[in-house]
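An overview of the molecular structure
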Amino acid sequence: MLTSLALRERHLALGARFAPFAGWEMPLQYQGIVAEHLAVRERVGVFDVSHLARAWVESPRAAEQLRSVTTFDILSLPEGKAHYSLYCNDEGGIEDDIFIYHLPEDRWLVIHNAAHAEADFERLRMVAGDAASEVTQETVMLAVQGPEAMVLLGRLFGPAIAALEPRDCVELDWRETSVLFARTGYTGEDGGECIVEAGSAGELWDAFVSGGATPCGLGARDTLRLEAALPLHGNDIDPTTHPYEAGLGFAVSLDDGASFIGRDALVEAKARPRTRRLAHLAARGRGVIRAGYDVREAGGGEVVAQLTSGGHSPSLRLGIGLAYLPVELAKRGTMLEVDVRGRALPVEVVRRPFYRTPKDS
Amino acid sequence: MEYQTPENLLYTADHEWLRREGDDSDEVTVGITEFAQEQLGDVVYLELPADGTALSAGEPFGEIESAKTVAELFAPVSGELIGSNGELEDRPELVNESPYDEGWIVRVRLSDASELDGLLDADAYRELIPED
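What you see is a predicted model, and the numbers here were worked out from it, not measured in a lab.

The subject of this paragraph is the interface of chain B and chain A. Contact with chain B, which involves nine residues of that partner, is made by ten residues of chain A. Per-element accounting of the side of chain B that touches chain A gives the leading share, three residues, to strand 4 (residues 43-47) of chain B. Its residues assigned to classes, the side of chain B that touches chain A shows four nonpolar, one polar and four charged.

Okay, here's the thing in C-alpha cells:
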C-alpha cells in the first residue's frame, strides 16, 4: 500500500507520471527529467518532497537528547539555524543522513529519509519519549530551487527572506498560515524548503507554480543531487560506510567531547588511514554509467568497485557516477573504466561537485 | 493519451516502426514509436553498430539510453545496416521530439522482403499500446 501525497491531484493535473519510492507514490517527472533539471539550473523549480519524514522534539532537554544519537554538535547550533547530521551505528556506519532545525523555545525539527522513517522516529522516541512527535502526514514539504528561487520566494514571503543566510530557518506567516522556511536544498542551487500544514499546502504549491516555478519530480531531483555530488542514503552511504570515507566528516563533531552512538568507532576511523574514498567519476566517452556497474582498472584490469550512483548529467551532457575506490585510485586525474554492459567506457576521477553553479566558481 | 501511429508505417511488438523507402525498395528506415519514446523519457544516448553490420530479425542490435533507463533495440527485419542517424550523436532528444521523422535511428537493406509480412500495420499496433 503506497502513501499518496496530499497534493496528488495537483500533480496529476500537471501531467505527473508517478513511481513508487520508499512506500510513497511520488511524481517521477512531469514534462521530462532533462527539461525539469535544466529549469532548476537556469531558473526555478518546485518539488513536492513530502515523503521526507518530519518529526519534532520539543523539550528543554531536546538538544542533549538529539546529540546522544546524532553526529553533529547541535548544542552549538544557534536558534534559527539548520544543519546536516547523521545517525550512526556502534561501528560508525551511517544509518541515515538527516537535517536538524533549531527553532525558538527548545523546539527542534528533524528531517529523515522516507525509507527509514519508522526506525528513525523510534530513535527519537527512545531518547525523547513523548517530547518527540511525527508530523509527516499533517504537513507538506516543498523545495523551491534554482538561481531565481529567492526572487520568487521573496515575492511570496516578503523581502526579508533575502537576508537569510544558507541554512537559516525561520517561521513566517503567509496568508494566515504558518510556514517553516529554511534556506536549504538538495540540488546544488540556491533556494529553500518550506514546511506547511497540509490544508494550506495546495495554495502554496499553486503560488509557486503560477509564480513561474517548473514542477519537478524525483527524476530531476536525483540528477541534480548527483551533479552536485550530494550522497543518497541507500546508494552512496549506508550502515556499512563511515562518514569519513564518504566525505561527510563535516557532519561529525568529536571535539565537543559529547557522547553519541558511534563516537568511539568514529574516533578510531578518523585516526586510521583511509583505505577507500567515495570518488567522483566522469565519463570520457559517450555512454551512460549507472549504479551497480563495475569499475575496472584501465585496460580491462581488475574490478575495483561498483558505482553506488550514476547517470547522465543533463548540464554536462555526459555520464557521471560515484564509487568507493581504493585511495590510490581515488586521486583526481586517474583514468579507469566502467563496464557498460560489456563495453569498457573510460572514466576519469574528477573533483567534486561535478557541476558548480556559476556564482561559486 | 493518444499516441501518433502513422498509417504508412509498419510496426513491431517492441514498439519500433519501419518505413519502406519505395514500393519495391529493399531499403527500410527504422525508429521507435511515439509511445516508446514517451515510456523511455528523455533519450540521452544511442549505442549503434557500424554500417555493414548484419542484423537478424528479432535480435538486439543496439541500445537506447534515457535519463532514467536503458532499453535494447531489436532488429525488426534481417539485413545489413547501411546507415544510422548521425544527428542523434549531438541531439539524441530528436528521438523524443520527432520519433517518426528527424528521430529515425537506422537504415537497413533487407535480406528477405517477405519478413515485412510478419510486421504489424498501424491498426494492429495500436492494439498493443496499453491504455493508462
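Further remarks concern unusual backbone geometry. All names here are of chain A. Of the consecutive residues R352 and P353, the connecting peptide bond is found in the cis state with omega at -10 degrees. Within the secondary structure layout, P353 lies in the segment after strand 20 (343-350). Phi is positive for R167, which is not a glycine, with a value near 75 degrees. Inspection of the secondary structure assignment puts R167 in the loop between helix 5 (149-157) and strand 11 (169-174). With 16 C-beta atoms packed within 10 Å, R167 lands in the partly exposed category. The phi angle at R341 is positive, at roughly 45 degrees, despite the residue not being glycine. Here R341 lies in the loop between strand 19 (335-340) and strand 20. For R341, a count of 12 C-beta atoms within 10 Å corresponds to the exposed category.

Residue and element names in this part refer to chain A. Pairing in this open sheet of three strands is mixed, and the strands run 1-3-2 from one edge to the other. Only two strands of the sheet have a single neighbouring strand rather than two, namely strand 1 (3-4) and strand 2 (17-21). Alignment of strand 2 against strand 3 (residues 24-29), held across five bridges, turns out to be antiparallel. Following the sheet pairing, R17 is matched in strand 3 by Q29. Where helix 7 (residues 218-227) meets the sheet, it contacts strand 2 and strand 3, and its direction lies at approximately 70 degrees from that of strand 3.

Moving on, we get to the domain arrangement of chain A. Residues and elements named next belong to chain A. For chain A, the assigned domains are domain 1 (3-50 + 136-227) and domain 2 (274-360). Distance from the C-alpha centre of domain 1 to the C-alpha centre of domain 2: 30 Å. Contacts between the two partners involve ten residues from domain 1 and, on the opposite side, ten residues from domain 2. Counting only elements with at least two residues in the side of domain 1 that touches domain 2, the list comes to helix 2 (33-42) and helix 7. Split into classes, the residues belonging to the side of domain 1 that touches domain 2 amount to three nonpolar, three polar and four charged.

Now for the environment of R10 of chain A. All names here are of chain A. With respect to the helices and strands, R10 occurs in helix 1 (residues 8-13). A count of 18 C-beta atoms within 10 Å places R10 in the partly exposed class. Residues R10 and E25 lie 15 residues apart in sequence; the distance between their C-alpha atoms is 14 Å. Setting aside residues up to four positions removed in sequence, R10 forms contacts with G202 and W205.

For the rest of this paragraph, the subject is helix 5 of chain A. Residue and element names in this part refer to chain A. Inspection of helix 5 places A149, L152, L153 and F157 among the buried residues, and these make up the whole buried set. Viewed end-on, helix 5 has its buried residues packed into an arc of 110 degrees, placing them on one side of the element. Taken together, the buried residues of helix 5 touch strand 10 (139-145), strand 11, strand 12 (177-182), strand 13 (191-197) and helix 6 (198-210). Of the residues flanking the end of helix 5, it is G158, one or two places downstream, whose phi is positive at about 100 degrees.

Of note, A13 of chain B is situated in the loop between strand 1 (10-11) and strand 2 (16-20). The sequence separation of A13 of chain B and P76 of chain B amounts to 63 residues, and the corresponding C-alpha distance is 9.4 Å.

What counts as what
- Residues numbered from 1 in each chain as written.
- Chains lettered and ligands numbered in written order.
- Predicted model: local features only at pLDDT ≥ 70, side-chain atom pairs only at ≥ 80, totals over all residues.
- Contact = placed C-beta atoms within 7 Å.
- Helix = DSSP H or I, 4+ residues; strand = E, 2+ residues; numbered from the N terminus.
- Nonpolar A, V, L, I, M, F, W, Y, C, P; charged D, E, K, R; others polar.
- Buried ≥ 20, exposed ≤ 12 C-beta atoms within 10 Å, placed from the backbone.
- Pairing = 2+ DSSP bridges.
- Axes fitted to C-alpha atoms, helices over the stretch in contact; angles between N-to-C directions.
- Domains from an automatic or database assignment.
- Arc of directions from axis to C-beta.

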